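This is what each chain is made of:
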Amino acid sequence: MTDWADITVKVLGLVGIGFGYWWGVRQWQEGQRWKRAERLDTLIREFETKPWLRLATKVVDWEAATVPFADGPPVVYGTKDVRAAMFVHWDAAPGASVEYPDPQNQIRDALDALLDFFVRLEHELSAHLIDERAAMQYFAYWIFRLETMEEHIADNEPANVVADKMRAYEAAYSDPDYMQRLYARLKKESWNSESEWTLDTAFDDPKPAPPSGFYQRMQARSRTRTLSQPRASGSS
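Basis of the calculations
Residues numbered from 1 in each chain as written. Predicted model: local features only at pLDDT ≥ 70, side-chain atom pairs only at ≥ 80, totals over all residues. Heavy atoms only, no water. Helix = DSSP H or I, 4+ residues; strand = E, 2+ residues; numbered from the N terminus. Buried < 20%, exposed > 50% of the residue type's maximum accessible area, 1.4 Å probe, protein only. Contact = heavy atoms within 4.5 Å. Phe/Tyr/Trp six-rings, centres within 6.5 Å; stacked < 30°, edge-to-face > 60°. Lys NZ or Arg CZ within 6 Å of the ring centre and 35° of its normal. Salt bridge = Lys/Arg side-chain N within 4 Å of Asp/Glu carboxyl O.

Student: Even after reading the chapter, I still don't get the overall build of the chain, so can you show me in this structure?
Tutor: Counting its secondary structure elements, the chain contains nine helices and two strands. Starting at the N terminus, the α and β elements of the chain follow one another as α-α-β-β-α-α-α-α-α-α-α. Out of the 236 residues belonging to the chain, those deemed buried represent 39%. Within the chain, contacts between residues separated by at least 24 positions form 66% of all contacts whose residues are at least 6 apart in sequence.

Student: What am I meant to see in the packing of aromatic side chains here?
Tutor: Taken as a whole, this structure holds 12 aromatic pairs when the rule is applied. Three or more aromatic residues joined by ring pairs form one cluster here, namely F47, F117, F118, Y138, F139, Y141 and W142. The lysine or arginine in question, R108, covers the ring of Y100, its NZ or CZ lying 3.8 Å from the ring centre.

Student: What exactly am I supposed to notice about the pattern of salt bridges here?
Tutor: Side chains carrying opposite charge are able to pair once their charged atoms draw close together. For the coordinates displayed, the defined rule picks out 14 salt bridges. As a salt-bridge pair, E46 and R120 come within 2.5 Å of each other at their nearest N and O atoms. Separated by 74 residues along the polypeptide, E46 in helix 1 (residues 2-49) and R120 in helix 4 (residues 104-126) bring together distant segments of the chain. When its relative accessible area of 19% is taken as the criterion, E46 is described as buried. By relative accessible area, which is 38% here, R120 ends up partly exposed.

Student: Could you clarify how one ought to interpret unusual backbone geometry in this entry?
Tutor: The phi angle of most residues is negative, glycine excepted, and most peptide bonds adopt the trans form. With an omega of 5°, the peptide bond between D102 and P103 qualifies as cis. Turning to its location among the elements, P103 is positioned in the loop between helix 3 (79-85) and helix 4. In the Ramachandran plot, M149 falls in the positive-phi region, its phi being about 45° despite a non-glycine side chain. With respect to the helices and strands, the residue M149 is situated in the loop between helix 5 (132-148) and helix 6 (159-173). Of the residues examined, M149 reaches a relative accessible area of 0% and is grouped as buried. In the Ramachandran plot, N156 falls in the positive-phi region, its phi being about 55° despite a non-glycine side chain. By the element assignment, N156 lies in the loop between helix 5 and helix 6.

The structure is reproduced here in structure tokens:
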């Protein structure tokens, strides 16, 4: 009986150690989850409150707008201003003077702020400092709008023209590798195929049932809108 008692004590001790290890790991994982959530919450608050980022979201989401600005008068812009602001200064002819009058100057500052923010976002995602699914469910819409810049496509112009302007701007003034990695996340099935995103309120016009997956739904919306709504006239 003594042998069985010893064995029982040892087994119970091992079970206790195993349970303690499992509980410790679980608590550590829960702590890490809360830390990632707190980091993401900080990023979202910054995105929603910084004036330059608020202006940038208007620029990528609206063809034209008057945007109140805390540090000065309202910024009034249209598609022509946005396209001119995306011009890369070293692409000018030799000896030519390149100037960015208002609102182009403010638009460039806003785009720079947005690109800087998204580069930091990609760094946080790559380092697993924030949860990808939660982050992309919030930021994917804005990443897509920046990638396509579809609000600033001119009449009868291929959609890739203005997108290529944005890629050239990113290459000149930001980190294009990080931005390409961020754009690639839009197409990852690991988060977007089961996304809870609903885009029915993103645009007013009714649409057929969208395909599954955030990126596919956004592409379907974009194609329908491009065909059904006229683009800006007089864009350059």
